[in-house]
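Next come the chains, spelled out residue by residue.
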Amino acid sequence: MSAATGDPLLERLHRVRAEIDAATVEAGRPPGDVALLLATKTVPAARIALALADGFTLIGENRVQELAEKYDALLEVPHATHFIGHLQANKINQVIGRIGCLESLDSVELARKLDSRLAARGSDLDVLVQVNVSGEESKSGVQPEHAADLLAAVTALPRLTARGFMTIGLNSPDRGAVRAGYRLLAGLRDMAVADGVPGADAALELSMGMSGDFADAIAEGATIVRIGSAVFGRRPAT
Ligand SMILES: *Cc1c(COP(=O)(O)O)cnc(C)c1O
C-alpha cells in the first residue's frame, strides 16, 4: 500500500488500469498484455512521482524542455520514458540519453541524424514509426503508404531498432472512423511482416489509443496505450 492511497490520482490510475485489462480480456488477450504509458505533458514531476511510486513506471513526454526538466527531477525514481512529441533534428542531443524509445520517428532524415549522433555517443535507441492514419494535416507521421519504407530504412541503421508503429488517432466523435484508423495501423504492421520487410519481425508494438478511445484501440490490437487526462485530469489550455 502506498502512503498516498486515497489520492484521487491513484484511484483514477487503478481504475484506468482495470479498464485497460477489461478491454484486453474482451479482445481475447491476457490481462497485462497492454502497457500503460502515462502521457505526462504539463504534469509536475511531484505528481508523476506519485504514479511511479505506485508501480506505474512508463511515462511519455512531448516537449524537449519538459523532458529535460523532469528528467533531472525524477532521476532517483526508477522509470522508463518514451518521447511522444514531434522531434526537430536540432533538438536530438537534448533527447537521446534521456529516453528509452522515440515513438515519433517520422522521417528517414531524422532517423539518419539520430543514428549518427547515437554512433558518436556509443549508444542505441528503440523507435516506433509514427504513421498519420487520419490524413489530418495537423498530425505528424508518415503517410501509411510510406510506413514500410521507413521501417526498412530504420532497420538498415545500426544504432536504431524499430519496435513497431505509433499513431495519434483521428480527432472525431465518430468512433467507427477513429477505430478504422487503428485497424489501418495494425494492418500495416501485419503487412510488413507478411511482405518480409526488413525489421518487421521485431516491429510488433502498436502504440495507439488515448483517454477517450483506448478500449477501441485495444480491440484493434494496441500493445501500448498513452493516457493523460483520464489519469491526471484535464490539462490547462496551451
Ligand atoms: C497528450 C497525448 C496523449 C494523451 O492524451 P489524453 O487524451 O490526455 O489521454 C497521447 N498521445 C500523445 C502523443 C499525446 O500528446
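In the block above lies the structure referred to throughout.
Given the structure is predicted, the values throughout are model-derived calculations rather than measurements.

L102 and L114 are the most contacted members of the largest nonpolar core, which totals 64 residues. Other than its neighbours up to four places away in sequence, L102 contacts F83, L87, L110, L114, L125, D126, V127 and L128. Of all hydrophobic cores here, the second largest spans eight residues; its members include L37, L128, M166 and I224.

This next bit is on the pairing of strand β3 (residues 80-83). Pairing of strand β2 (residues 58-61) with β3 involves four bridges; the strand directions are parallel. Residue L58 lies in a different strand from β3, and its bridge partner there is A80. Crossover β2 to β3 through helix α3 (residues 64-73) is right-handed. Looking at chain direction, β3 and strand β4 (residues 101-105) are connected through two bridges and run parallel. If you follow H82 over to β4, its bridge partner there is C101.

This part is about the pattern of salt bridges. Scanning the model with the defined rule gives 16 salt bridges in all. A salt bridge links R63 to E66, with the shortest nitrogen-to-oxygen separation between them at 3.2 Å. Between D190 and R189 there is a salt bridge, with its nearest N and O atoms 3.1 Å apart. Residue classification places D190 among the partly exposed residues on the basis of a relative accessible area of 42%.

Attention now moves to the site of the ligand. Close to the ligand lie A39, K41, N62, I84, I168, M210, S211, R226, I227, G228, S229 and R235. Measuring from an oxygen atom of the ligand, one finds a side-chain N or O atom of K41 at 2.6 Å. Taken by itself the ligand offers 390 Å² of open surface, and the protein chains cover 89% of this. Comparing atom positions with the cavity grids shows the ligand to sit within the largest pocket. Residue composition of the shell around the ligand, grouped by class: five nonpolar, four polar and three charged.

Each value, and the rule that gives it
- Residues numbered from 1 in each chain as written.
- Predicted model: local features only at pLDDT ≥ 70, side-chain atom pairs only at ≥ 80, totals over all residues.
- Heavy atoms only, no water.
- Core = buried A, V, L, I, M, F, W, Y, C linked by side-chain atoms within 4.5 Å.
- Buried < 20%, exposed > 50% of the residue type's maximum accessible area, 1.4 Å probe, protein only.
- Contact = heavy atoms within 4.5 Å.
- Pairing = 2+ DSSP bridges.
- Helix = DSSP H or I, 4+ residues; strand = E, 2+ residues; numbered from the N terminus.
- Right-handed = clockwise from strand over helix to strand, strands pointing away.
- Salt bridge = Lys/Arg side-chain N within 4 Å of Asp/Glu carboxyl O.
- Near = heavy atom within 4 Å.
- Polar contact = N/O pair within 3.5 Å; in protein donor to acceptor, adjacent residues only side chain to side chain.
- Areas by Shrake-Rupley, 256 points an atom, 1.4 Å probe, with all protein chains shown as cover.
- 1 Å grid on protein atoms, 1.4 Å probe; cavity = no way out; pocket = protein on both sides within 12 Å on 5 of 7 lines; lining within 4 Å.
- Sits in = over half its atoms within 2 Å of the grid points.
- Nonpolar A, V, L, I, M, F, W, Y, C, P; charged D, E, K, R; others polar.

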